[in-house]
Amino acid sequence: MSDARKPKMKEAAEDAPLPKLDVENQPKRAPDTPLRPEQSYLQRKAEVARQDHEVFSEYLQEKIARDQQQKVQLAEPTPKAPTKVNRRSLLTWAAGTAVVGEAVTLGYPMVTGQSIPAQGLQRGGGTYTEAQRHPIDREFVNPKADVGGRNFGSWVLLMPTKLGGGTYAVNLETGRALAWISYWNYGDYNPISHHLCAFPSADPAKGFEWINSTQGGKNALIYGIPTNIETPGEGFNIYRVRYDGAQMELMENVAESTGLGLGVHVTIDPKTAERYFVTDGQKDIAACFDRRTSRVIAAIKYDWVPNVRNLAEGWQKGGTLKISRIYPDPKTGKYDYLGTKGQKIEWEMVPMGELFVEEGTIPGDDVHGLCGADGTIWHPSGRWASTVVRLCGGQVILDAEKNFEPVAFLQFNKDAPNQYPIKKIDNDHWEVTFDKIFSPGHEVGFSPDGRFLCMMNNLRENNCSVFDSSDPDPRNWKKIAHIEDPLWRGKYPNPFHMVFSIDSSKLYLSILHPSPASSGVMVVDTNTWKIKKEIQGIGPDMQTLAITYDGKYVVGVFSGFQRLSSGIAFIDAETDELVGIWPSNGGHHDCVIIPTQLEHMKHTRSCTL
């Protein structure tokens, strides 16, 4: 790796320390000390966090008052005065659990211990000179992990550690980490292990292969963690990694092989598992790779041309989404997007962070051209692919049988039309024209049976929008529902990541609360699209959900925004009860359960983000 791609350290006496995300105690600086862009971002982010907490505290007060009223109505001997809660004490409660009465979720038992055979000395402190003549009890340990007598099955859970710079796998049957890998060892000076997706393996405990995207650049500086790094390494590598039954080994850096440094979502074709997408929302590029050769099958770039150049109105007042195929240099056979090359903004739009773009808080070379195309999922049949375009509040449907030609744009905002037409300019260029955009969106997902397609409407609209995707032609897909909680205020709580039950009858949504409040999971009936249950108080930064392929357990990870409480939560998919939490030391917000057959791919991250 060249010196230009190594991190640059600042002198200890230079510049004020990076502001922390503590909403109550922001560090002071000398009045004449200018803020760096990432410091200004953190300062603004802290201001927004304070505002979010104020709105969120109103939500909690209303929820507590409602719960108290319901308790009074059940008991009803004498009426009780309304509970008085101040904002400061409420935020203190929120740090450990979403509302009073939900703290019980933190008390679930951990992995039970194994019995220890009596193999010690017969007499403590004695000195022995003769050979031991009696038999020795020798027991081979075969550990089994359980929570309250429950065994989660012989599945392997793979998790990236985000700022930890690597990835590790846990056997859910034994509770043991099978192995882990650190990308620092391979000369990556900023290996933000972000998202991943695994290929099927008949016996994951004996080996499997996966693709791991990594971020880089100033993404290392946006969480308020103290650091002396001034200019982080460029990063943005795509790693193909294999576990051989004993250890993990880096097989290839696909970014270096192809010249495409992409750092966000990864998904594998569920039809054949022989190709995969990596899509990056800082560069607005989606690329499909061949698994065996790493050849780029297709690379598509998304660019926004606003109707007005004012950032505050640059997306709301509409514009044109330009979609283009991009090709490698014919002389080298490689693209020119390694490291931070080609990024439009200097760090990602974090969850709930789309509006920072509109207010100019995130700097970059082409902020006006940003559309936030950061993930491409597959229809469970493999027939279609869909790229989420966050700042346009919708998805571009791609024809996987025609070199991923765009065929439809689905708009998920409530008051918007179902679709905007795609205009074909030539074989390599397309356009979509918008009159207005009501709200950004984020995570997306197909149901395993392919009948439904969901997208989270973040920020200005706080819901999960649902399309009927059962028609063979995506141009006929239509909105049929919006999942909402009447208690939601502002942008929090907010539906984020998702997973469907095996039979598609239920949808599980991770529900984000503002840090450091504990997030939870919401259960939705897909027959009515009504909320059945909400499990609150699991842990901060509750994001990606997965389901064991026998359909028994929903597994979710929470990472504490890279530095707080973290763990792995288990929910019984039959009763929808939280049954336990395991410790986890990764700063992850992603996970995948290794599929053991091709059929499982329609239940993995390939079809939901």
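Predicted model only: the values in this text are computed from it and were never measured.

Scoring rules and cut-offs
- Residues numbered from 1 in each chain as written.
- Predicted model: local features only at pLDDT ≥ 70, side-chain atom pairs only at ≥ 80, totals over all residues.
- Heavy atoms only, no water.
- Helix = DSSP H or I, 4+ residues; strand = E, 2+ residues; numbered from the N terminus.
- Buried < 20%, exposed > 50% of the residue type's maximum accessible area, 1.4 Å probe, protein only.
- Pairing = 2+ DSSP bridges.
- Contact = heavy atoms within 4.5 Å.
- Axes fitted to C-alpha atoms, helices over the stretch in contact; angles between N-to-C directions.
- Salt bridge = Lys/Arg side-chain N within 4 Å of Asp/Glu carboxyl O.
- Phe/Tyr/Trp six-rings, centres within 6.5 Å; stacked < 30°, edge-to-face > 60°.
- Lys NZ or Arg CZ within 6 Å of the ring centre and 35° of its normal.
- pLDDT = per-residue confidence, 0-100.

Attention shifts here to the overall build of the chain. Check the secondary structure of the chain and you find four helices and 34 strands. Taken across its 609 residues, the chain has 57% of its residues classed as buried.

This paragraph deals with the sheet that holds strand β2 (residues 156-160). In space, the four strands of this open sheet follow the order β4-β3-β2-β34, with antiparallel pairing throughout. The open sheet has two edge strands with one neighbour each: β4 (177-182) and β34 (592-593). In the sheet, β2 pairs with β34 via two bridges, with the strands oriented antiparallel. From the neighbouring strand, L158 faces β34, where its bridge partner is V592.

Secondary-structure assignment places Y327 in the loop between β14 (319-325) and α4 (355-358). Distance in space between the C-alpha atoms of Y327 and I300 is 8.9 Å, their sequence separation being 27 residues. Once residues lying within four places of it in the same chain are set aside, the contact partners of Y327 are Y335 and D428.

So, about the sheet that holds strand β27 (residues 506-512). Ordered by their spatial adjacency, four strands build an open sheet running β26-β27-β28-β29, and the pairing between neighbours is antiparallel. Each edge of the open sheet carries a strand with a single partner, namely β26 (494-500) and β29 (530-539). Taken pair by pair, the neighbouring strands of this sheet meet at an average axis angle of 25 degrees, ignoring direction. Sheet topology places β27 next to strand β28 (residues 519-525); six bridges connect them, and they run antiparallel. Within β28, the residue paired with K506 across the bridge is D525.

Once that is clear, we can look at unusual backbone geometry. The step from Y492 to P493 runs through a cis peptide bond, and the omega angle for that step is -15 degrees. Relative to the assigned elements, P493 resides in the loop between β25 (478-483) and β26. Cis peptide bonds are those with omega within 30 degrees of zero, and the linkage from S515 to P516 qualifies with 5 degrees. Along the chain, P516 falls in the loop between β27 and β28. Non-glycine residue S504 carries a positive phi angle of around 70 degrees. By secondary structure assignment, the location of S504 is in the loop between β26 and β27. In this structure S504 comes out as buried when scored by relative accessible area, which is 4%. One non-glycine residue, W529, lies in positive phi territory at about 60 degrees. Structurally, the position occupied by W529 is in the loop between β28 and β29.

Considering all chains together, one arrives at 34 salt bridges under this definition. The residue E274 makes a salt bridge to R292 at a minimum N-O spacing of 2.8 Å. Taken together, the positions of E274 in the loop between β10 (265-268) and β11 (275-280) and R292 in the loop between β12 (285-290) and β13 (296-306) put the pair 18 residues apart, joining distant regions of the chain. Salt-bridge contacts for K301 lead to D303; the nearest nitrogen and oxygen are separated by 2.7 Å. Through salt bridges that share partners, R36, E38, K218 and E346 make up one connected network.

Before going further, it helps to examine the packing of aromatic side chains. Here the structure, examined in full by the defined rule, presents 22 aromatic pairs. Judged by centre distance (5.4 Å) and plane angle (85 degrees), the ring pair of W155 and Y549 falls under edge-to-face. In this pair, W155 sits in the loop between α2 (87-96) and β2 while Y549 sits in the loop between β30 (542-547) and β31 (553-558), placing the two residues 394 residues apart along the sequence. Residue Y549 is classed as buried on the basis of its relative accessible area, which comes to 10%. A centroid spacing of 4.9 Å and a plane angle of 80 degrees characterise the contact between F409 and F434, whose relative ring orientation is edge-to-face. With F409 in strand β18 (residues 405-411) and F434 in strand β21 (residues 429-434), this pair connects stretches of sequence that are 25 residues apart. Residues F409 and F434 agree in their burial class; the two are buried. Of the aromatic side chains, those joined through ring pairs into one cluster are F152, Y553, F570 and W582. When the ring centre of W384 is taken as reference, the NZ or CZ atom of R383 above it lies at 4.1 Å.

For the chain, per-residue confidence averages 87 on the pLDDT scale, and 85% of positions sit at 70 or higher. Here residues 12-27 is a poorly scored stretch, pLDDT under 50, and it has 40 contacts once near neighbours within four places are set aside; other chains count. Below pLDDT 50 for its whole length, residues 82-126 participates in 75 contacts with residues either more than four positions away or in separate chains.

Counted residue by residue, strand β8 (residues 238-243) has five buried out of six residues, so it is predominantly covered. Where β8 and strand β9 (residues 248-253) come together, five bridges link them in antiparallel fashion. Of the residues in β9, the one forming a bridge with R242 is E249. Between β8 and β9, which pair antiparallel in sequence order, lie four residues; one of them, G245, sits at a positive phi of approximately 100 degrees.

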